[in-house]
Structure formats: structure tokens, C-alpha cells
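# A closer look at the structure
This is what each chain is made of:
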2 protein chains.
Amino acid sequence: MARSTADTGGHPWRERARPLRLERRIEFDGYEPLREYLDQVAALSEATQIFPNLSFGRTYVNLTLFAEEGAEQVGEALHAFARQADALLDTAEGS
Amino acid sequence: MARSTADTGGHPWRERARPLRLERRIEFDGYEPLREYLDQVAALSEATQIFPNLSFGRTYVNLTLFAEEGAEQVGEALHAFARQADALLDTAEGS
């Protein structure tokens, strides 16, 4: 059960309870990079069949990954999605 | 001041108070038409420089258009955006 970063699953998302979920808020410099990121997350969703709840305005995105109902832990698939969504962000910001 | 549909601005959005805003929820049959619609709304935002708050999951989108702070009415520009966002939906669904 041990993870290298046990509380977070190796990503900067926050785990919250009732209902159990992972959340992350991301700020963007403008609408264009935000749209690009949303497109990348959407492609990731289609590939993984994991669909976060997303809310966004002009310069921010909130992502929420809900655990399965009744689950006592956020599953590894959701943690993996979180890490992949973060990696997309690095690509968008870093190049 | 009279509009043909005074309460709604000629669209099916709901006006809510505190803070004053227009809201609409739309259900989709699947993720692909939802993504397509989000892209169209994003293009509309770039053209009008009006950026609704959007939240969505796999099969639904909630749009919220906030009135300017301190405004006593939702401005015509937001009503126009609402009608245009609806028109995009007709295109997506109807063809």
C-alpha cells in the first residue's frame, strides 16, 4: 500500500472526502493555452474512459476526479489520470 | 425595455440572483458532441470576449454568465451570448 508520496499519489492534487475525490485548480495566462489544455485532457479522457468533472472560466480550470461510490480510497486509475493530466500541463507550459 | 420574452431574454436560460447571472444546463448523448459544443462555445467566447463559467462532466454542460458586479439587470450582451450559444446547440443537434 505504500506510495512514494502516500498522501497525494505522486501529484499535486488534493484528496477530499464526502464524496471522496481528487481536486486540482490550475491557473492559465490566457484563454488559448487553457483551451489547448482542455483539448488535451479531453483526449486523455477518451483514451482512458475516465471523465473528470471540469469547471473553467477564462483563466482557470478546476478538475475533480470522483472515487467510485462506496470506495474507501481513490483508486489507482484516478491517481494515474491525475499524473497524466499533470504531465500534459508540463508539456503545455514547458515548450 | 420591453422584450418579446421579458423574463428570459428570448432564450431558455434561467436568471438567478446573488450574484445576478444566467444559467443553462445542457445534456448530451455522448462525450464527442459535448466536446464539439464546447469548442464552438469557446470560439464564440473568443469572438465576443464574453467568457461564461462552464462546468461539465461526460454528458452535461452547465453554463453560467455572470452580470457585471453591481448591475441590476443582466446586460444585453450576455443575453445575446446566451442566444448565440443556444443557436450553436441547434446546429450541433439538428444536423
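Chains are numbered independently. Their residues run from 1 in the order of the written sequence. Chains and ligands are labelled sequentially in the order written, the chains with letters from A and the ligands with numbers from 1. Side-chain atom pairs in this predicted model are given and counted only at pLDDT of 80 or more, local residue features only at pLDDT of at least 70, and totals for whole chains, interfaces and linings cover all residues. The side-chain figures draw on all heavy atoms in the structure; neither hydrogens nor water molecules are used.

### Some words on helix H1 (residues 31–48) of chain A
Residues and elements named next belong to chain A. If you check H1, its first and last C-alpha atoms are 25 Å apart, about what 18 residues at 1.5 Å a residue would give, namely 26 Å. Classification of residues uses two cut-offs on accessible area relative to the type maximum, computed with a 1.4 Å probe and protein chains only: under 20% is buried, over 50% is exposed, and between them is partly exposed. Only DSSP runs of H or I covering at least 4 residues are called helices, and only runs of E covering at least 2 are called strands; the numbering of each starts at the N terminus. Of the residues making up H1, those classed as buried are Tyr 31, Leu 34, Arg 35, Tyr 37, Leu 38, Val 41, Ala 42, Leu 44 and Ser 45. Looking one or two residues beyond H1, the residue adopting positive phi is Gln 49, at roughly 60°. In this analysis, the expected span of each helix is defined as 1.5 Å times one less than the number of residues it contains.

### Re the interface of chain B and chain A
Any two residues whose heavy atoms approach within 4.5 Å are treated as being in contact. Each partner contributes to the interface: chain B provides 17 residues, whereas chain A provides 17 residues. Throughout, the accessible surface (probe 1.4 Å) given up by two parts as they are put together, summed over both, is called the buried area. The contact between chain B and chain A buries some 1,500 Å² in all, and 52% of this surface belongs to carbon and sulfur atoms. Classifying every residue of the side of chain B that touches chain A by side-chain character gives 8 nonpolar, 4 polar and 5 charged. Classification used: nonpolar for Ala, Val, Leu, Ile, Met, Phe, Trp, Tyr, Cys and Pro, charged for Asp, Glu, Lys and Arg, polar for all others including Gly.

### A closer look at the sheet that holds strand E1 (residues 14–16) of chain B
Strand pairing requires that DSSP identify at least two bridges connecting the strands. The strand order across the open sheet built from 8 strands is E1(A)-E2(A)-E4(A)-E3(A)-E3(B)-E4(B)-E2(B)-E1(B), with neighbouring strands paired in antiparallel fashion. On the outer flanks of this sheet lie strand E1 (14–16) of chain A together with E1 of chain B, each paired with one strand and no other. Ignoring which end each strand starts from, the neighbouring axes of this sheet average 20° apart. Sheet topology places strand E2 (residues 21–27) of chain A next to strand E4 (residues 60–66) of chain A; 7 bridges connect them, and they run antiparallel. If you follow A:Arg24 over to E4(A), its bridge partner there is A:Leu63. In this analysis, axes come from line fits to C-alpha atoms, helices being fitted only over the stretch in contact, and the angle between any two N-to-C directions falls in the range 0 to 180 degrees.

### Quick word on a negative patch on the surface
Without a salt bridge and with relative accessible area above 30%, a residue can belong to a patch; like charges are then joined within 9 Å and nonpolar side chains (Val, Leu, Ile, Met, Phe, Trp, Tyr) within 5 Å. All accessibility values rest on the Shrake-Rupley procedure with a 1.4 Å probe; residue burial counts only the protein chains present in the view. The salt bridge definition used is simple: a Lys or Arg side-chain nitrogen within 4 Å of an Asp or Glu carboxyl oxygen. Charged-residue counts in this description rest on Lys and Arg as positive and Asp and Glu as negative, His and the chain ends being excluded. Taken as the charge location is NZ of Lys, CZ of Arg, CG of Asp or CD of Glu. A cluster of acidic residues, A:Glu32, A:Glu36, A:Asp39, B:Glu32, B:Glu36 and B:Asp39, forms a negative patch on the protein surface. Here A:Glu36 shows up in helix H1. The class for A:Glu36 is partly exposed, based on a relative accessible area of 43%.

### A word on the layout of surface pockets
Residue and element names in this part refer to chain A. A cavity here means a set of 1 Å grid points, computed over protein atoms only, where a 1.4 Å probe fits but cannot escape. A pocket is an open set with protein on both sides within 12 Å along at least 5 of 7 lines, and lining residues have an atom within 4 Å of a point. Grid points are joined across faces, edges and corners, and a volume is the space filled by probe spheres set on the points. Its boundaries defined by the atoms lining it, the largest pocket holds a volume of some 170 Å³. As for the largest pocket, its lining consists of 15 residues, and the residues nearest its centre are Leu 65, Phe 66, Ala 67, Glu 68 and Leu 78. Put simply, the parts of the chain that give the lining of the largest pocket at least two residues each are E4 and helix H2 (76–94). Counting residues per element, the lining of the largest pocket draws most heavily on E4, at 3 residues. For the lining of the largest pocket, the per-class residue count stands at 8 nonpolar, 5 polar and 2 charged.

### Comments concerning the relation of the copies chain B and chain A
Copies are brought into register by a least-squares superposition over C-alpha atoms of residues with pLDDT of at least 70 in both. For the pair chain B and chain A, the relating rotation is 180°, the translation along its axis is 0.0 Å, and the fit reaches an RMSD of 0.0 Å. What the rotation and shift describe, once combined, is the action of a two-fold rotation axis. Using C-alpha coordinates, one finds that chain B approaches the rotation axis most closely at B:Ser55, a distance of 1.9 Å. In this assembly the copies share their binding face: 100% of the residues contributing to the interface of chain B also contribute to that of chain A.

### Details of empty space enclosed by the protein
Taken as a whole and assessed by the stated rule, the structure comprises 1 cavity of 30 Å³ or more. In terms of lining residues, the largest cavity is bounded by 14 residues, among which A:Leu38, A:Asp39, B:Arg35, B:Leu38 and B:Asp39 are the most central. Contributing elements (two or more residues each) for the lining of the largest cavity: H1 of chain A together with helix H1 (31–48) and strand E3 (53–56) of chain B. No other element matches H1(B), which puts 6 residues into the lining of the largest cavity.

### A few points about the environment of B:Leu54
Tracing the chain through its elements places B:Leu54 in strand E3. Remark: the alpha-carbon pair of B:Leu54 and B:Glu23, spanning 31 residues in sequence, is separated by 9.8 Å. The contacts of B:Leu54, once residues within four sequence positions are left out, are A:Leu54, A:Ser55, A:Phe56, B:Leu38, B:Val41, B:Val61, B:Asn62 and B:Leu63.

In short, geometric facts, not functional conclusions.
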